Amino acid sequence: ISPPNKEEVESFYQSAENQKLLSYLSAYYAVSRYFGELTEAYLLCDRALFLKEKGYCVSIVEVFDSELSPRNKAIIAKR
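Thresholds, definitions, all that
Residues numbered from 1 in each chain as written. Predicted model: local features only at pLDDT ≥ 70, side-chain atom pairs only at ≥ 80, totals over all residues. Heavy atoms only, no water. Helix = DSSP H or I, 4+ residues; strand = E, 2+ residues; numbered from the N terminus. Rg over C-alpha atoms; globule rule 2.2 N^0.38 Å. Buried < 20%, exposed > 50% of the residue type's maximum accessible area, 1.4 Å probe, protein only. Contact = heavy atoms within 4.5 Å. Areas by Shrake-Rupley, 256 points an atom, 1.4 Å probe, with all protein chains shown as cover. Lys, Arg positive; Asp, Glu negative; His and termini not counted. Charge placed at Lys NZ, Arg CZ, Asp CG, Glu CD. Phe/Tyr/Trp six-rings, centres within 6.5 Å; stacked < 30°, edge-to-face > 60°. Lys NZ or Arg CZ within 6 Å of the ring centre and 35° of its normal.

As a further point, take the overall build of the chain. Along the backbone of the chain there are two helices and two strands. Mapped in sequence order, the helices and strands of the chain form the string α-α-β-β. A compact globule built from 79 residues would reach a C-alpha radius of gyration of about 12 Å, whereas the chain, at 22 Å, exceeds it by more than 25%. Across its three principal axes, the chain shows a C-alpha extent of roughly 65 × 20 × 20 Å. Relative to its 79 residues, the chain shows a buried fraction of 4%. A separation threshold of at least 6 residues defines the contact pool for the chain, and within that pool the share at least 24 residues apart is 21%. For the chain, the exposed surface amounts to about 7100 Å²; the carbon and sulfur share of it is 61%. For the chain, the distance from the average site of its 10 positive side-chain charges to the average site of its 11 negative ones is 15 Å.

Within the structure shown, the criterion is met by zero aromatic pairs. In this arrangement the basic side chain of Arg79 is found over the ring face of Tyr56, its NZ or CZ atom lying 4.5 Å from the centre.

Everything listed here is a matter of geometry and, on its own, says nothing about what the molecule does.
Here is the structure:
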């Protein structure tokens, strides 16, 4: 099997069916990423509130850059 040449790749990418699929995938990725971040924030706040109700001093901090991972936050709690 030989790899496709540049013209074959371009025609595959430019086809109407693949452009439509690419737009659906882009929309799905955007929606899933933002709902994922929202869900993650909700869970972190819920856990932090639970700890606060148990008497802990709680804060939520960013541990590293969000470009590396959307799960870049941590709960810090101390009595």
